[in-house]
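Working through the structure, step by step
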Amino acid sequence: MRQDVREQFMEAMMKEVKDHEEREHWDLVLSSTVPKSAKTIKAIWSFKRKRFPDGTLNKHKARLCAHGGMQKWGENYWETYSPVVNMLTIRLILAIAHIHKLDSKSIDFVLAFPQAELDVDIWMELPIGMCPDWDEFNKRQYVLELKKNLYGLKQASFNWFDKLKTGLTVDIGDDPQSSLDTFLDTCVSLRRYLSYFGEVIFA
């Protein structure tokens, strides 16, 4: 990392870790508590300079990711597929909203994937820059037991879309098991929602 941007990215790393901790996306546990049959995956940092439409610098972004390449199918993941809305569908919905004078807006979820729960046990090494205050010189003694999806996990996008789709399901009657699937196709809801990775368009 270049010295002239090191401080900005370090601050972004600290903010990313703090956001995860405030949302309780993991538990800090002793590595000795991890089952011997389990494989602890590595943590990876992804850095990016985010810019405004005119090209000027907006902010330095650090994204904490899990090393999904270390996962094994059948042990800590199964389903991975997640549909993405077609750009033609986005244009069509926005055109309909314009014709009928409907309000439309786009929402970008903060830490979208980690809002979905994990259905398997996954442990991850502490990322660079994160170390308990009481364990400054022996950070390998602790690992993170993930409670939510982290970017990089193979099932992260599948679980996020499943959570989003469940939230857009309308309950009918008194039976909580009885519900109406409001999706016209995999990404378009009768409620006029469009899902696109970590963003949703309302119309």
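Above this text is the structure in question.
Below or above, wherever it landed, is the structure these notes cover.

Calculation rules
For every chain, the first residue of the written sequence is number 1, and numbering continues from 1 onward in sequence order. Given that the model is predicted, a residue must reach a pLDDT of at least 70 before its local features are reported, and side-chain atom pairs must reach 80 or more before they are shown or counted; all residues, however, enter totals for whole chains, interfaces and linings. Heavy atoms throughout the structure, all of them, feed into the side-chain values; hydrogens and water do not. Note on conventions: DSSP H or I runs of at least 4 residues are helices, E runs of at least 2 residues are strands, and numbering of each starts at the N terminus. Remark: exposure states derive from per-residue accessible area (1.4 Å probe, protein chains only) relative to the maximum for the residue type, with buried under 20%, exposed over 50%, and partly exposed in between. The contact criterion used is simple: two residues touch if any of their non-hydrogen atoms lie within 4.5 Å. Note on areas: these come from Shrake-Rupley sampling with a 1.4 Å probe, and a residue is covered only by the protein chains present in the view. The pairing criterion for strands is at least two bridges between them, as found by DSSP. By salt bridge we mean one thing: a side-chain nitrogen of Lys or Arg within 4 Å of a carboxyl oxygen of Asp or Glu. Ring pairs shown here join Phe, Tyr and Trp side chains whose ring centres sit within 6.5 Å, with only the six-membered ring taken for Trp; geometry is labelled stacked below 30 degrees between planes, edge-to-face above 60, and tilted in between. Charge-over-ring placement is defined geometrically: NZ (Lys) or CZ (Arg) within 6 Å of the ring centre, and within 35 degrees of the ring normal. To form a nonpolar core, buried Ala, Val, Leu, Ile, Met, Phe, Trp, Tyr and Cys residues must be joined to one another through side-chain atoms within 4.5 Å. Each axis is a line fitted through C-alpha atoms, taken for helices only over the stretch in contact, and angles between the N-to-C directions span 0 to 180 degrees.

Within the protein, the secondary structure is distributed over 3 helices and 10 strands. Ordering the α and β elements of the protein from the N terminus gives α-β-β-β-α-β-β-β-α-β-β-β-β. Here the protein holds 203 residues, and the buried ones make up 36% of them. For the protein, restricting intrachain contacts to residue pairs at least 6 apart in sequence, the fraction spanning at least 24 positions comes to 69%. For the protein, the exposed area adds up to about 13,100 Å²; of that, 52% sits on carbon and sulfur atoms.

Take the pairing of strand β3 (residues 57-66) next. Bridge count between strand β2 (residues 43-51) and β3: 9 bridges; the pairing is antiparallel. Along β3, the bridge assignment pairs Ile-44 with Cys-65. Linking β2 to β3, which pair antiparallel, is a turn of 5 residues; within it Gly-55 sits at a positive phi near 95 degrees.

A few words now on the pattern of salt bridges. All told, the structure shown has 8 salt bridges when counted by the stated rule. In this structure, the salt-bridge partner of Glu-16 is Lys-61, at a minimum N-O distance of 3.7 Å. With Glu-16 in helix α1 (residues 3-22) and Lys-61 in strand β3, this pair connects stretches of sequence that are 45 residues apart. The buried category is assigned to Glu-16, whose relative accessible area is 2%. Looking at Lys-61, the relative accessible area reads 23%, which means it is partly exposed. With its nearest N and O atoms 4.0 Å apart, the salt bridge here joins Lys-147 to Asp-27. Of this pair, Lys-147 sits in the loop between β6 (142-146) and α3 (156-167) while Asp-27 sits in strand β1 (residues 26-30), and the two are 120 residues apart along the sequence. On the basis of relative accessible area, Asp-27 is assigned to the partly exposed category, the value being 34%.

The residue Leu-57 is located in strand β3 in this model. Apart from the residues lying within four places of it in its own chain, the contact partners of Leu-57 are Arg-49, Lys-50, Arg-51 and Phe-52.

This next bit is on the packing of aromatic side chains. Within the structure shown, the criterion is met by 3 aromatic pairs. Between Phe-113 and Tyr-151, the aromatic rings sit 4.9 Å apart at their centres with planes inclined by 20 degrees, giving stacked as the arrangement. With Phe-113 in the loop between β4 (105-108) and β5 (123-125) and Tyr-151 in the loop between β6 and α3, this pair connects stretches of sequence that are 38 residues apart. Residue class for Phe-113 comes out buried when judged on its relative accessible area of 12%. Looking at Tyr-151, the relative accessible area reads 15%, which means it is buried. By the ring-pair criterion, three or more aromatic residues cluster together here, those being Phe-9, Trp-45 and Phe-47. If you follow Arg-63 out to its NZ or CZ, it ends over the ring of Tyr-151, 4.1 Å from the centre.

By size, the foremost hydrophobic cluster in this structure holds 28 residues, and its most contacted members are Met-124, Leu-146 and Leu-153. Secondary structure elements with two or more residues in this core: α1, β3, β6 and α3. Top element by residues in this core is β3. It accounts for 4 residues. Dropping the residues within four chain positions of it, Met-124 is found in contact with Thr-40, Ile-41, Lys-42, Ala-43, Leu-64, Cys-65, Ala-66, Val-143, Leu-144, Leu-146 and Leu-150.

If you check the backbone angles, Lys-101 has positive phi at about 55 degrees while not being a glycine. Here Lys-101 is to be found in the loop between α2 (87-99) and β4. Its identity as a non-glycine residue notwithstanding, Leu-111 has a phi of 50 degrees, on the positive side.

What follows deals with the sheet that holds β5. The antiparallel open sheet is built from 3 strands, whose spatial order is β1-β6-β5. Of all strands in the sheet, those with a lone pairing partner are β1 and β5, marking the two edges. In this sheet, neighbouring strand axes are inclined to one another by 40 degrees on average, regardless of whether the strands run parallel or antiparallel. Relative to β6, β1 runs antiparallel, the two sharing 5 bridges. Looking at β6, one finds that Val-29 is bridged to Val-143.

Everything listed is a geometric property; what it means functionally is a separate question.
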